[in-house]
Amino acid sequence: MICPRCAHDALDTLAHSPVPGVWDVLQCTRCLYTWRTTEPERRTRREAYPVQFRLTQEDIDNAIEVPAVPPLNAG
Amino acid sequence: MPYDDLRSFLDTLDKEGQLLRITDEVLPEPDLAAAANAAGRIGEGAPALYFDNVTGFTDARIALNVHGSWRNHALALGLPAATSVKDQVEEFARRWDAFPVAPERREDAPWRENTQEGADVDLFDVLPLFRLNDGDGGFYLDKAAVVSRDPDDPDHFGKQNVGTYRLEVIGRDRLAIQPVPVHDVALHLKAAESRDEDLPIAITLGNDPVTTIVAGMPMGYDRSEYEMAGALRGAPAPIATAPLTGFDVPWGSEVVIEGVIEGRKRQIEGPFGEFTGHYSGGRRMPVVRIDRISYRTNPVFESLYLGMPWTEVDYLVGPNTCVPLLKQLRAEFPEVQAVNAMYTHGLAVIISTKKRYGGFAKAVGMRAMTTPHGLGYVAQVILVDEDVDPFDLPQVMWAMSSKVNPKDDVVIIPNLSVLELAPAATPAGITSKMIIDATTPVSPDNRGNFSTPVRDLPETKEWIGRLTSMLAKR
Ligand SMILES: [Zn+2]
C-alpha cells in the first residue's frame, strides 16, 4: 500500500479499531496524511485520490511557514 | 441556570427537542461529517446530533452541531429557544457590560477521574477521532478551547488566553496547531520562540457551551475569557487547575490535554476545509507534543463540522463577533446602532449608524477595519442608516440599491492586513478593503434626491402583531 496523497511507500499504523479487525488508521511518514482504511476510495486509494489534493516532496519542502519562526532575542 | 459542563447542556437540548440521538450504526466516515453537514442545511431550528453506535468503536460518544442553530445558540445563553437573532445579539451586548465576573475555582474536576501520561499517551484510545471533509489532511480537534499564558507575564490572569484553533492529529501524542498571527496564542508562541523555549499549553475538549462561545470570541489581549464567560452566564465560571501546566482550565471539560508547542519547529499540516468555504492548503505549522491527558469516564467527544457556510461555526462565532465590534465602535462613535458581522467571521460586515455630519459613515467604516478584530477580518463594510436593520438583508439590499452612487460611495483601500485564510487575499495576508456607504448623504455632503421616502403606515405595526398572533394560533 502507498500513500494516496503523495505515493510514498512508508506508512505507520496509528490505531486499530477497538472492535478487532474492522479498520486501521494509517499515516504517511512523509506528508503525514492520515486515513482510516474504511473511508471511501477517494480518500484511501492513490488512483482515486483527487488531483487537486495530491502533494509532492517539492510541495512539502516549499510550503510556507505559518507563523514564521521569529528571530532569537539577542543576549 | 448556567451550564457547568457539556453534559448538562445536552440534557437541556434533549428536553427542548433540540438533540437528535442517532442510534442506528453509522460509519465514522463519511457519515458523521455528512450528518453534521446536513444539519447545517436544515435551517435555524437544526438540532444537535448525538452518535453512540459507530462502526468499529466500542464506546464512542460523539456530539455534533451543539451550537449549530439559532435555537441552540439561544439555549446556550439560557434564553428561550425562539429568541430572535437581533434580540440574542442585544442580550449578549447587555450582559457584556457585567464584565469582569471573577471565576470560581473548584477542586473536584470530573476530568481528574482518568489520566494518561508520557509514553502511555494515546489520543486514539481516548477519543473517537474522525475526518470531516474529503481533502482534509487528517483528523482534527476543531472545537477545543486552547489555554496558554504570556511567557513574559505568566502570572497575569487576563493575559492567559482561551482560544479556539484548529488542531490536526498527526500522531498518538502529537498535534499540529494553527496560530493565526493576529490571535493571542501566536503572540505567546512568538515570545517563547524568541527565547528558544517551548510554549506550554492546555487543550480542553467538550466544554460547557459558554466557554466555547468565549473561546471563539475576539477579545482584547489582556481581557480574561473566563471573566467574560462569567458575565455572559450571569454567574462565575467554574475553573480548575490543570495538573501538569498549572493553567486555569474549565472545571466541566470532558478532556484536558496538556503539553507544549515545540519551539522553533514547523511541520506540514493540512489542508483543512475551513470556515471560509475553501480549503487552506498544506503549510508548515507548529507542533504540539502531548505529555498528559486527563478525562472524564466515558468522555463525550464534541466536534464541529465546517466547510461551505452556513455551518455550526457561523452560528457559534456570528453573535460573538458582532458584539465586540459594536462595543468598540460605540466607544468612540455612539451613533452606531447595530453591527452584523456574521458573514464568514466578519470578513464582510454591515453597520447601521446615525450620521454626525457628511462623510461620517465612511469614518465608521474605516474604524471598523482598525479594530483588533477588523485588522484580520473586515474586508468589506456596508454602512446603512440608523433605521435599517443590518440583520434584515432585504432592507440592506434596498439601502445598497437606492442610496449608493458608486463613484462617491464605494471606497477601496489597497494592501491592508487580513487573515491568511481569506481566499481572495493576495499575497496571503494582504487584501484591498472596501467601504460601501449606503447611508443617506447629510450636509455638507449634499448629493442625491432623498427627501421624500415612503414610510410604513401608522397602523402597520398593529397589523404585524395581529397577523403574527393569527399565524401562531393556526
Ligand atoms: Zn504521503
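Residues numbered from 1 in each chain as written. Chains lettered and ligands numbered in written order. Predicted model: local features only at pLDDT ≥ 70, side-chain atom pairs only at ≥ 80, totals over all residues. Heavy atoms only, no water.

> With reference to specific residues and values, describe the pairing of strand S19 (residues 287-295) of chain B.
All names here are of chain B. With seven of nine residues buried, S19 is to be regarded as a mostly interior element. Note: strand S5 (residues 114-117) against S19, four bridges, orientation antiparallel. Note on S19: the bridge partner recorded for Thr115 is Ser294. In terms of strand pairing, strand S10 (residues 174-177) meets S19 through three bridges, oriented antiparallel. (Buried < 20%, exposed > 50% of the residue type's maximum accessible area, 1.4 Å probe, protein only. Helix = DSSP H or I, 4+ residues; strand = E, 2+ residues; numbered from the N terminus. Pairing = 2+ DSSP bridges.)

> Now, about the environment of B:Asn161: what can you tell me, with residues and values included?
Residue and element names in this part refer to chain B. Along the polypeptide, Asn161 turns up in strand S8 (residues 161-163). According to the relative accessible area criterion, Asn161 is buried, its value standing at 3%. Between the alpha carbons of Asn161 and Met219 there is a distance of 9.6 Å; along the sequence they are 58 residues apart. Polar contacts involving the side chain of Asn161 include one to the side chain of Tyr165, which spans 3.0 Å. (Polar contact = N/O pair within 3.5 Å; in protein donor to acceptor, adjacent residues only side chain to side chain.)

> Break down the coordination of the zinc ion for me, with residues and values.
Residues and elements named next belong to chain A. Protein-derived coordination of the zinc ion comes from Cys3 (SG), Cys6 (SG), Cys28 (SG) and Cys31 (SG), at a distance range of 2.3 Å. For the zinc ion, the four donor atoms in the first shell make angles of 101 to 115° at the metal, a pattern classed as tetrahedral. Within one chain, the residues donating to the zinc ion are spaced in sequence as C-x2-C-x21-C-x2-C. Of this pair, Cys3 sits in the segment before strand S1 (11-16) while Cys28 sits in strand S2 (residues 24-28); the two residues are 25 residues apart in sequence, bridging distant segments of the chain. (Donors = N, O, S within 2.8 Å, 3.2 Å for Na, K, Ca; no water. Tetrahedral: all angles 85-135°; square planar, octahedral: opposite > 155°, others 65-115°.)

> How would you explain the sheet that holds strand S22 (residues 348-353) of chain B if you had to name every residue and give the values?
Residues and elements named next belong to chain B. As summarised here, the arrangement of the five strands in space is S21-S22-S23-S25-S24, forming an open sheet in which the pairing is mixed. In this open sheet, the two strands that pair with only one neighbour each are strand S21 (336-343) and strand S24 (410-417). Averaged over all pairs of adjacent strands, the angle between strand axes in this sheet comes to 20°, irrespective of strand direction. Together, S21, S22, strand S23 (380-385), S24 and strand S25 (430-438) form the strand contacts of helix H10 (residues 360-369), whose direction differs from that of S25 by roughly 150°. Strands S21, S22, S23 and S25 of the sheet are contacted by helix H11 (residues 393-403), whose axis makes an angle of about 90° with S23. (Axes fitted to C-alpha atoms, helices over the stretch in contact; angles between N-to-C directions. Contact = heavy atoms within 4.5 Å.)

> Account for the interface of chain A and chain B, naming residues and giving values.
Quoted interface sizes are often the accessible area lost when the parts come together. Taken together, the contact between chain A and chain B spans 36 residues of the former and 43 residues of the latter. At the boundary of chain A with chain B, total buried surface from both sides reaches about 3,400 Å², with 59% on carbon and sulfur atoms. Across the contact surface, chain A and chain B share four salt bridges. Salt-bridge contacts for A:Arg43 lead to B:Asp134; the nearest nitrogen and oxygen are separated by 2.7 Å. (Buried area = accessible area lost by both parts, 1.4 Å probe. Salt bridge = Lys/Arg side-chain N within 4 Å of Asp/Glu carboxyl O.)

> Give a description of the environment of B:Trp251 that names residues and reports values.
Residues and elements named next belong to chain B. Among the secondary structure elements, Trp251 is positioned in the loop between strand S13 (248-250) and strand S14 (255-261). In this structure, the C-alpha to C-alpha distance between Trp251 and Arg289, residues 38 residues apart in sequence, is 23 Å. Sequence-distant contacts of Trp251, that is, excluding residues within four places in its chain, are made with Asp4, Arg106, Asp108, Ala109, Pro110, Trp111, Pro238, Ile239 and Ala240.

> Describe a nonpolar patch on the surface, naming the residues involved and giving the relevant values.
A cluster of nonpolar residues, B:Trp463, B:Leu467 and B:Met470, forms a patch on the protein surface that exposes about 310 Å² of accessible area. Position of B:Met470 relative to the elements: it lies in helix H13 (residues 460-472). (Patch = residues over 30% accessible without salt bridge, like charges linked within 9 Å, V, L, I, M, F, W, Y side chains within 5 Å. Areas by Shrake-Rupley, 256 points an atom, 1.4 Å probe, with all protein chains shown as cover.)

> Explain helix H6 (residues 184-194) of chain B to me, using residue names and the numbers behind them.
Residues and elements named next belong to chain B. Counting buried positions along H6 yields nine of eleven residues, so the element is predominantly enclosed. Buried within H6 are the following residues: Asp184, Val185, Ala186, His188, Leu189, Ala191, Ala192, Glu193 and Ser194. If you follow the buried residues of H6, they end up packed against strand S7 (145-148), S8, strand S11 (199-205) and S14. Positioned one or two residues after H6, Asp196 has a phi angle of 65°, which is positive.

> Now, about the packing of aromatic side chains: what can you tell me, with residues and values included?
A full pass over the atoms with the stated rule returns 15 aromatic pairs over all chains. Centroid distance A:Tyr33 to A:Trp35: 5.3 Å. Interplanar angle 20°. Geometry classified as stacked. Each member of the pair, A:Tyr33 together with A:Trp35, is buried. Considering the side-chain rings of B:Trp70 and B:Tyr315, the 5.0 Å spacing of their centres and the 75° angle between planes classify their relative orientation as edge-to-face. With B:Trp70 in helix H3 (residues 70-76) and B:Tyr315 in helix H9 (residues 312-332), this residue pair connects regions lying 245 residues apart in the sequence. A residue is classified by how much of its surface remains accessible, and B:Trp70, at 9% relative accessible area, is buried. Judged by relative accessible area, which is 6%, B:Tyr315 ranks as buried. (Phe/Tyr/Trp six-rings, centres within 6.5 Å; stacked < 30°, edge-to-face > 60°.)

> Describe the pattern of salt bridges, and please don't skip the residues or the numbers.
Residues and elements named next belong to chain B. This structure, assessed with the given rule, holds 46 salt bridges over all chains. The shortest N-O distance in the salt bridge between Arg266 and Glu193 comes to 2.8 Å. Here the residue Arg266 occupies a position in the loop between S14 and strand S15 (267-269), and Glu193 occupies one in helix H6, the gap between them amounting to 73 residues. Of the residues examined, Glu193 reaches a relative accessible area of 1% and is grouped as buried. Salt bridges sharing partners connect three or more residues here, namely Lys362, Lys407, Asp408, Asp409, Asp437, Asp445 and Arg447.

> Any chance you could break down the nonpolar core for me, citing the residues and the numbers?
Residue and element names in this part refer to chain B. In terms of nonpolar packing, the biggest core is built from 121 residues, with Leu141 and Ile351 touching the most fellow members. When residues in this core are grouped by element, the largest group, nine residues, is from H9. Setting aside anything within four residues of it in sequence, one finds Ile351 in contact with Leu329, Val336, Ala338, Val339, Val364, Ala368, Val381, Ile382, Leu383 and Val384. (Core = buried A, V, L, I, M, F, W, Y, C linked by side-chain atoms within 4.5 Å.)

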